[in-house]
Amino acid sequence: MHPHGPGAVGKATAPYGSWESPISASAVSSAGRTAEGLAVAGDGRLVWVETRPEDGGRAVLMKEAAEPGGKALDVTPQGFAVRSLAQEYGGGAFAVQGDAVVFSNYTDQRLYKQTIGDNSSPLPLTPDFAGSVVRYADGVFDPHFHRFVTIMEDHRHNSSNPITTVAAVRMSGQDVEEPTILVSGNDFYAFPRIDPTKKRMAWIEWSNPNMSWDKSQLWVGYFNEKGEVQKRICIADGDPTIIESPTEPKWSSKGELFFITDRRSGFWNIYKWDEQSNVVRPLYSLDAEFSKPMWIFGVSSYDFLGKYDTSHEIKNKPACFLSRQNGKSCVGVLDHDSESILKIDIPFSSVTSIVSGDDGSFYIEGASATLPVSIAKVTLDEKKTMATDFSIVWSSSEDVAKYKSYISLPEFLEFPTVIHGQHAYAYFYAPHNNVFQGSSDEKPPLLVRTHGGPTDEARGVLDLSVQYWTSRGWAFVDVNYGGSSGYGREFRERLLGQWGVVDVNDCCSCASFLVETGRVDGQRLCVTGESAGGFTTLACLAFRQTFKAGSSLYGIADLASLRAGMHKFEAYYIDNLVGNKQAYFERSPINFVENFSCPVILFQGLEDTVVSPDQATKIYKAIKDKGLPVALVEYEGEQHGFRKAENIKFTLEQEMVFFARLVGKFKVADDITPIKIENF
């Protein structure tokens with residue numbers, strides 16, 4: 001007999017939050033591996049970067065196994081890690097051609113060349129500038145001049161305002177030389193892409209105060225015999241009457257230029273440039289997003305099927321995914337001759353990256369409500385109209401199947417906002433456990449999660465950090481605050497001038513909606529968030545009375561100090577989100593600590609260069625002086641958003657115990673030693 005007694009359908013009845021679950025904090029932290037940057041090597045096998053929390057967040061290149069179902073191979077030798085710090089958030093840290101790979105090394109930020117399968121040490125291609133003062137990202141091999149063309153971010157003269165350029169790095173010769181500048185003069189550059197047929201290059205550029213998704217330009221430059229950019233043409237955003245943000249230029253093997261832009265419709269759709277007439281025309285128009293905001297380099301939302309294939313049948317059909325239409329990704333093959341899209345049925349509901357393989361197959365990174373973040377190979381039939389095989393190449397959590405009976409499936413939620421007639425969206429997860437159930441006279445506690453960025457979104461996919469809560473008897477909701485479900489420019493701009501208002505309203509409205517519809521206990525509402533989501537969490541606690549406790553992970557408390565220390569990439573973004581000086585003051589939780597009326601736990605990395613650790617310290621001291629229960633956890637050596645496995649585990653457990661002791665009215669089943677809570 002179970003100590004809690006049998007339930008109605010063979011389940012034991014126990015208080016919500018107190019249920020035993022095999023989805024431990026250790027299981028969550030070991031499922032915290034991430035993948036980034038898909039590329040195909042000369043032998044047709046996939047190469048990608050895997051970040052490993054259990055190895056201090058080290059990022060290594062992996063290569064797909066030669067045999068299906070085999071173990072992927074580590075490419076990066078010990079002593080190296082593949083990660084760029086360009087624009088602080090990095091991405092685009094490597095490129096592959098044949099069996100040669102060029103990568104950005106984390107510790108010194110130099111570019112190195114390595115031969116896959118060769119055990120010799122990687123060779124440096126760029127000078128050693130002592131430390132990470134010169135950074136590289138988003139590079140490509142140049143077939144015309146035997147060099148590597150890359151974005152270079154140079155901090156040598158001014159660390160707060162580094163010079164960003166498109167530069168060329170020599171691939172041969174014994175001496176390591178300073179890179180050659182190809183394009184300069186603007187604030188930011190991305191996507192340098194070289195036409196394989198002619199000596200020319202496309203790139204994206206933009207300038208402050210814009211982010212690339214606000215307003216950017218697409219250019220094409222022509223190389224002279226020396227490889228210098230001699231002549232250039234603006235392809236998109238040359239017309240002042242059209243506001244657009246072109247992104248992701250790619251050349252087909254026939255030398256045709258494709259790209260994605262949001263001109264006129266406000267939705268990122270695929271376009272093609274006609275060089276003869278210098279006219280841009282849409283390939284396919286749809287109220288859906290074919291790309292996403294470029295927070296990191298190396299975004300790849302479409303590719304050309306059969307680019308390694310010699311048969312003419314399938315050459316140059318872009319395989320593209322139409323991301324985020326009603327919160328769901330759709331993968332399709334676009335035949336630009338007939339201008340029609342064939343949707344490919346796959347098990348992923350969310351896809352974040354795509355790259356073409358050989359033989360007309362392609363690789364995608366994605367996930368679903370029952371599949372954690374994974375990379376899959378999709379093989380198509382001869383006509384390229386349907387998938388004949390879908391095989392997982394890599395998974396962030398290989399043993400997730402053993403938790404199947406404990407997994408709570410997301411419910412896509414549409415709820416009313418404070419603005420009459422306007423709705424926002426969320427994914428709601430009800431408590432679920434194969435062994436336990438709550439009693440009929442009790443409603444579960446709720447944890448609201450605020451996602452980590454103004455243009456980010458919750459995707460309703462299998463995430464063990466959500467299931468950690470739901471399998472213990474918590475209700476959990478992932479809020480897409482600010483309309484961030486990816487519905488075009490209109491939704492992207494909903495937070496402009498309204499950050500700290502719209503997001504706070506949406507999170508509180510969502511919690512209230514779940515109380516009103518009888519799903520959760522209105523006296524046990526908790527909120528958590530990291531980074532920008534941490535700001536929303538702290539703002540909810542400072543300016544509303546909706547929540548009974550909160551948890552902030554490296555959250556922003558002081559908008560003015562964030563603005564003062566902001567790196568170049570986002571230097572003006574926060575102005576666009578907040579507005580004037582008065583709004584900076586009025587929306588900063590740190591200035592209104594007297595309004596806090598419930599317990600708070602704060603987690604902060606001491607090496608954080610985005611949110612300074614003193615923000616958490618100030619909030620902690622002020623809440624402590626007010627006499628409210630508060631706890632602060634500081635992590636040595638942890639940077640913004642790059643977390644170590646042991647810290648992920650510790651954070652989850654301490655959040656759980658903190659909420660249980662202060663608002664839960666239940667005892668946690670796990671054996672966790674709580675940290676000291678002031679004023680408790």
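Nothing here was measured: the structure is a model prediction, and the numbers come from that model. (Residues numbered from 1 in each chain as written. Predicted model: local features only at pLDDT ≥ 70, side-chain atom pairs only at ≥ 80, totals over all residues. Heavy atoms only, no water.)

### Regarding the pairing of strand E33 (residues 446–450)
No. 1: The element E33 is extensively covered by neighbouring structure, given that 4 of its 5 residues are classed as buried.
No. 2: Bridge count between E33 and strand E34 (residues 475–480): 5 bridges; the pairing is parallel. Looking at E34, one finds that Thr450 is bridged to Val479.
No. 3: What joins E33 to E34 is helix H2 (residues 464–470), and the crossover it makes is right-handed.
No. 4: In terms of strand pairing, E33 meets strand E35 (residues 525–530) through 5 bridges, oriented parallel. Within E35, the position partnered with Arg449 by the bridge is Thr528. (Buried < 20%, exposed > 50% of the residue type's maximum accessible area, 1.4 Å probe, protein only. Helix = DSSP H or I, 4+ residues; strand = E, 2+ residues; numbered from the N terminus. Pairing = 2+ DSSP bridges. Right-handed = clockwise from strand over helix to strand, strands pointing away.)

### Examining the sheet that holds E35
No. 1: Read across the open sheet, the 8 strands follow the order E30-E31-E34-E33-E35-E36-E37-E38; overall the sheet is mixed. Across the chains shown, the open sheet's two edge strands, defined by having one partner strand only, are strand E30 (411–416) and strand E38 (630–635). When the angles between neighbouring strand axes are averaged without regard to direction, this sheet yields 20°.
No. 2: Note: strand E36 (residues 549–553) against strand E37 (residues 600–605), 4 bridges, orientation parallel. When the sheet's bridge partners are listed, Leu553 is paired in E37 with Phe603.
No. 3: Against the sheet, helix H4 (residues 502–516) engages E30, strand E31 (423–429), E33, E34 and E35, with an angle of about 105° to E30.
No. 4: Here helix H10 (residues 645–664) sits on the sheet in contact with E33, E35, E36, E37 and E38, set at roughly 165° to E36. (Axes fitted to C-alpha atoms, helices over the stretch in contact; angles between N-to-C directions. Contact = heavy atoms within 4.5 Å.)

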